[in-house]
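# Descriptive analysis of the structure
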Amino acid sequence: DQQVKQNSPSLSVQEGRISILNCDYTNSMFDYFLWYKKYPAEGPTFLISISSIKDKNEDGRFTVFLNKSAKHLSLHIVPSQPGDSAVYFCAASEYGGSQGNLIFGKGTKLSVKP
Amino acid sequence: DAGVIQSPRHEVTEMGQEVTLRCKPISGHNSLFWYRQTMMRGLELLIYFNNNVPIDDSGMPEDRFSAKMPNASFSTLKIQPSEPRDSAVYFCASSPGRPPPGQGAQGPIRADTQYFGPGTRLTVL
């Protein structure tokens, strides 16, 4: 039973265009969502996060949108760069800020072509 | 800060041998997590510790796997005996238990944000 789903295993985008990565979740108790980026032979790197009290969080070229009614979040990268090519994982937590584990999606491989 | 440190980075062993993976969390972090990543199952949580105490080990696949955290700066994941199906990349992560300096509890980066090490690629022949 996957609580966090990334339905697109891969995405290909032209350099300079927008990349949109999607994530759906089923657990209405999730109150914190994160995106991680992973390069080959490296560990996942924390990219950006959003609390359930917000519907948007922006950090430079990266923006995360949260739609709680649809149980959906997305990561927008504008403009996309070849260095953004990586696997992106969506993760969620239901612990209200206290310590607990994250639930991860299976990832979406983004390829940004020059 | 050096980040989460894992050793070894690569391990090749033969079936039946004991394997020990090591992790040093980020200084000051009070939670530590062990994950396994495979093509089939993605990123799976094996076990996590809060303040050196194991909290949830329901992801540990079987009794051949054990994990310890003797102090706040060191943890081990042991597989004994190892089997070919244990071949995977094993990640360690830590989280601070408090928001970043200058940010409140409801700020954009929460206390349970996890930071990962580079992983150990284990191959069991």
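The structure reproduced in this document is the subject of the present report. Only a predicted model underlies this, so the values are computations on that prediction, with no experimental measurement involved.

Once that is clear, we can look at the sheet that holds strand β7 (residues 65–71) of chain B. Residues and elements named next belong to chain B. One open sheet holds the 4 strands; their spatial order is β1-β3-β8-β7, and the pairing between them is antiparallel. Bordering the open sheet on either side are β1 (5–7) and β7, each of which pairs with just one other strand. Shown here is a sheet whose adjacent strand axes are inclined to one another by a mean of 15°, direction ignored. One ladder, built from 5 bridges, connects β7 with strand β8 (residues 74–79); its direction is antiparallel. Note on β8: the bridge partner recorded for Ser66 is Lys78.

The next subject is the nonpolar core. If you look at the biggest cluster of nonpolar residues, it comprises 23 residues, and the most contacted ones within it are Phe33, Trp35, Leu73, Leu75 and Tyr88 of chain A. Of all the secondary structure elements, the ones that give two or more residues to this core are β3 (19–25), β4 (32–38), β5 (45–51), β7 (62–67), β8 (72–77), β9 (86–93) and β11 (108–113) of chain A. Among the elements that line this core, the one with the most residues is β9 of chain A, at 4 residues. Discounting residues that sit within four places of it in the chain, Leu73 of chain A has contacts with Leu21, Asn22, Cys23, Tyr25, Phe33, Trp35, Val64, Phe65, Leu66 and Cys90 of chain A. The next biggest cluster of nonpolar side chains, apart from the first, holds 21 residues, and it includes Leu21, Leu46, Ile47 and Met69 of chain B.

Scoring rules and cut-offs
Residues numbered from 1 in each chain as written. Chains lettered and ligands numbered in written order. Predicted model: local features only at pLDDT ≥ 70, side-chain atom pairs only at ≥ 80, totals over all residues. Heavy atoms only, no water. Pairing = 2+ DSSP bridges. Helix = DSSP H or I, 4+ residues; strand = E, 2+ residues; numbered from the N terminus. Axes fitted to C-alpha atoms, helices over the stretch in contact; angles between N-to-C directions. Core = buried A, V, L, I, M, F, W, Y, C linked by side-chain atoms within 4.5 Å. Buried < 20%, exposed > 50% of the residue type's maximum accessible area, 1.4 Å probe, protein only. Contact = heavy atoms within 4.5 Å.

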